[in-house]
Structure formats: structure tokens, C-alpha cells
Amino acid sequence: MITKEAAKVAPAPVPEPPEATRPVKYHRAWDEVPRWQIYTPLSIYLVFTLIPFYWILLFALRPAGSTSLVPWPITFDHFEKVWTQRSFGTYFENSVYVGLATLVMTTLVALAGGYALARFDFKIKNAFMLALLCSQFVPGALLLVPLFEIFAELKMINSLGSVIIAETVFQLPLSMILISNFIKNVPYSLEEAAWVDGCNRMTAFRIVVLPLLRPGLIAVGSFAFVHSWNHFLFALMFLNNQDKQTIPVGLNTLMSADSVDLGALAAGGIIAAVPVVVVFAFIQKWLITGFSAGAVKG
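Residues numbered from 1 in each chain as written. Predicted model: local features only at pLDDT ≥ 70, side-chain atom pairs only at ≥ 80, totals over all residues. Heavy atoms only, no water.

Trainee: Would you mind going over the nonpolar core in detail, with residue names and values included?
Mentor: Core analysis: the largest hydrophobic core is formed by 20 residues, its most contacted members being Leu111, Leu132, Ile179, Ile183, Phe205 and Leu213. The element best represented in this core is helix α7 (residues 160–184), accounting for 7 residues. Each residue touching Leu111, except ones within four places of it in the same chain, is listed here: Ile179, Ile183, Phe205, Leu210, Leu213 and Leu217. Tyr91, Ile247, Leu254 and Ala272 belong to the second-largest nonpolar core, a separate cluster that totals 19 residues. (Core = buried A, V, L, I, M, F, W, Y, C linked by side-chain atoms within 4.5 Å. Buried < 20%, exposed > 50% of the residue type's maximum accessible area, 1.4 Å probe, protein only. Helix = DSSP H or I, 4+ residues; strand = E, 2+ residues; numbered from the N terminus. Contact = heavy atoms within 4.5 Å.)

Structure below.
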């Protein structure tokens, strides 16, 4: 007679999988590093990065003549002074106009040129790419005299259009390279499938390729906007009237050989920095994706 104990059969042991089929456990180098060795240098770097920003806020928000290290009582007199008395409202509008126009023109031209470099083969393609790369080694200061002569012949001196054209030309080489590399990452078979469905090249590009280029276009457009917003030389050389100047030139007018209004200069610096910070806060995800994808060779 079989007892209950004998009826309970022990389960058969499960054989271990072969070594080749076992999941690989990746070893990360930072797993063995103590956390304090990572966070301590990062904290020190963060402190040294934030100190200049706090110093600017301190001069902009504390009353004139105060030496306190804490901006109390807080005053906005410096902002009111630079916005109304120093015409920073006009400078701000001009900078926005130049930045947006440069963004649109650079993006459109770079999109057309980048598509040609990515999808077509022609004899001077390699030489043209080399010329684009070499143009990045030319500083903008060397272009001031020839550009000034050209705009003087075209009667465009003291016009925002001259600054927009100069900024666009200066940004195009890098923008075209980024856009072309980004388009190379889009499978060519997607366009071919659209052609089979009856689309022409322009329609296929608009429907299939263009939506996939959003991160790259945001990266190129934001880079062009920020550069034109902060650029000083072109606006200084091509614009004479005060009502045509941009924020970088306006900041330069706050400094003289005899004295510097630190409160007004700090307030103007914050006005110049806030739009760029806000733009990057909203587009940082697409910006990182766009630059990383555009830097990969297709």
C-alpha cells in the first residue's frame, strides 16, 4: 500500500540553460564608483556656474548704491530704466525680428541644400562638402569689410535686412551639413514607396520625409536663432541708427569710457538672456535629438 508520503514525488530539477543562452549581465563602470565621487565635482561645477547668474540678479534687483549680498528690498527700477530710457524695448523688437527671419531663411535654404547633398550625386559634391567644412574656420570678423562693401553697393546699410542676410550666410554651412546627415538617416525606401503610390518627389518629401525631420529642423533653427540673437559684430557694423540696433549693441551702449551703470547693465543682460533660456527650456528634447542624429554619418 502506497503511503501519502510516498505519493508526493519531488519535482524534477530544472536543468540550467547552456552558458551561451544565459542572459548577459552587463557590467557598468560607474556601479563601483561611490556616489559622492560623482556628485561632489558636479556640485562644485554647478556652484561655479550659478554664481555669475546670481551676481547678475543681485545687481539687477538691488537698489542703486547698495552693497548688500542679498537683493533686499527688491527693486525693478533698473529694468524700467533700460526698457524705457535706454530704448531696450526697441532693441528687443529688432532682435526678435532678426532672429526669427534668420531662423526661417536658414532653415529653408539649409533644407533644400541638405536634401540635394543627401539624395543626389554630382561631380563636385565632395569638393562642395569640403568647402562647407572649411568655411567654418573663417571667423566672422574677416567677412566684415567685404560684406560692408557689398551692402553699401546694394544700399542696405542701416537696414535689418543686411544683418539677416549676413547671419543667414554665416549659419548656412553648418546647417546644411546637419540637415543632410539627418536626411541620410531617413530610409530612401520610404520615398520610393510614396513614388509608387503616385506621389511626385516634392509631395513625397512633404508627406513622408519632412515630418521625420522635426528634431533636425528644430536644432538647426534654434542654433540660427540663438547665434543671430547674440551676435554683436554684424549689427554693430551694418546698423547706425539707434532705432535699428539690436540687444547686443544696446548692451554696449550702457558702457562708457568713464563709468558703467552696473545695475542697468545687469538688467539688460537678463532681458537678453531670458528669451534664449525660455526657448531652450521648451525645445531641449528635440534639440539634443536633432544634433545627435545630424552628427551621425548616414
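More follows now that the structure is in view.
Trainee: Residue-level account of the side chain of Arg119, with values.
Mentor: Looking at the secondary structure, you find Arg119 in helix α4 (residues 88–119). A distance of 3.0 Å separates a polar side-chain atom of Arg119 from the backbone oxygen of Val186. (Polar contact = N/O pair within 3.5 Å; in protein donor to acceptor, adjacent residues only side chain to side chain.)

Trainee: How would you summarise the pattern of salt bridges if you had to cite specific residues and measurements?
Mentor: Should their charged atoms come close, side chains of opposite charge can pair. Scanning the entire structure with this criterion turns up 2 salt bridges. The shortest N-O distance in the salt bridge between Glu191 and Arg119 comes to 2.6 Å. Linking Glu191 in helix α8 (residues 188–196) with Arg119 in helix α4, this pair joins segments that are 72 residues apart in sequence. Arg119 gets classed as buried once you look at its relative accessible area, which sits at 14%. Taking the shortest distance from any N to any O, the salt bridge between Asp121 and Lys125 comes out at 3.4 Å. Accessibility expressed as a relative area gives 15% for Lys125, which makes it buried. (Salt bridge = Lys/Arg side-chain N within 4 Å of Asp/Glu carboxyl O.)

Trainee: Could you give an account of unusual backbone geometry, with specific residues and numbers?
Mentor: Not every positive phi belongs to a glycine, and Ser87 is a case in point at roughly 60°. The exposure class assigned to Ser87 is partly exposed, which follows from its relative accessible area of 21%. Despite not being glycine, Asn158 has its phi angle at roughly 65°, a positive value. Looking at the secondary structure, you find Asn158 in the loop between α6 (144–153) and α7.

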